[in-house]
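Fold and geometry: a report
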Amino acid sequence: MAVSPEEVERRIAAFAEACRSAGIRMTHQRMEIYKEVAATEEHPDAETIYTRVRRRIPVISLDTVYRTLTTLEKLGVVSRVYALCDRSRFDAHMAPHHHFLCIECGIIRDFSFADADELRIPKEVQSWGTMKSVHVEVRAACLKCTNRKKGRP
């Protein structure tokens, strides 16, 4: 699913500000890689991002994409989403949210859940370190996969 043009522009402005604040140059390659993540809700992996950016920048390397995604994560403008496979997926939606992950096709969808945002962490867990966020991941079969297994269109 595509992100609205207004939201993409908001994300790009936040990215530009994060680069300025960190003293990191906003190169053409970094911008194109970031735009690829910012413009979609599908949580693409590095190889997918590489394939798409390569259409616009044929000389870009997969290594550059990986290094840039690590930089973007450190800047706090993308987050790494761990899916069922061994590939990390990336998300530019930085507001608190949670994920629905289909265990069949791997689709990831964002959702909000205020009760989870206000979850009280047990004291034992709090003693392990400083909590930065709470993330709920719902693993299930999406309706499309469920219907396909049942022979429905």
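These remarks concern the structure in this document. (Residues numbered from 1 in each chain as written. Predicted model: local features only at pLDDT ≥ 70, side-chain atom pairs only at ≥ 80, totals over all residues. Heavy atoms only, no water.)

**Some details on the pairing of strand E2 (residues 88-91)**
Quick reminder of the rule: Throughout this description, buried means an accessible area under 20% of the type-specific maximum (1.4 Å probe, protein chains only), exposed means over 50%, and partly exposed covers the range between. Under the DSSP-based scheme used, a helix requires at least four consecutive residues in state H or I and a strand at least two consecutive residues in state E, with every element numbered from the N terminus. Strands were regarded as paired on the criterion that DSSP finds at least two bridges between them.
Residues Ser 88 and Phe 90 line one face of E2 and the alternating positions Arg 89 and Asp 91 line the opposite face, and both faces are buried. Taken together, the four bridges between strand E1 (residues 79-82) and E2 define a ladder with antiparallel strand orientation. Residue pairing for E2: Val 81 is matched across the bridge by Arg 89.

**Observations regarding helix H1 (residues 5-22)**
Under the convention used in this document: The span one expects for a helix is its residue count, reduced by one, times 1.5 Å. Each C-beta atom gives one direction from the helix axis, and the arc is the one those directions make. Only heavy atoms matter for contacts: two residues are in contact if any of them lie within 4.5 Å across the pair.
With 18 residues, H1 extends 26 Å from end C-alpha to end C-alpha; this agrees with the ideal 26 Å at 1.5 Å per step. Those residues of H1 that sit buried are Val 8, Arg 11, Ile 12, Phe 15, Ala 16, Ala 18 and Cys 19. Viewed along the axis of H1, the buried residues span an arc of 160°, placing them on a single side of the element. In H1, those exposed residues whose orientation departs by more than 90 degrees from the buried face are Glu 6, Glu 9, Arg 20 and Ser 21. Among the structural elements, helix H2 (28-38) and helix H4 (62-75) are those in contact with the buried residues of H1. Gly 23 lies just past H1 and shows a positive phi near 70°.

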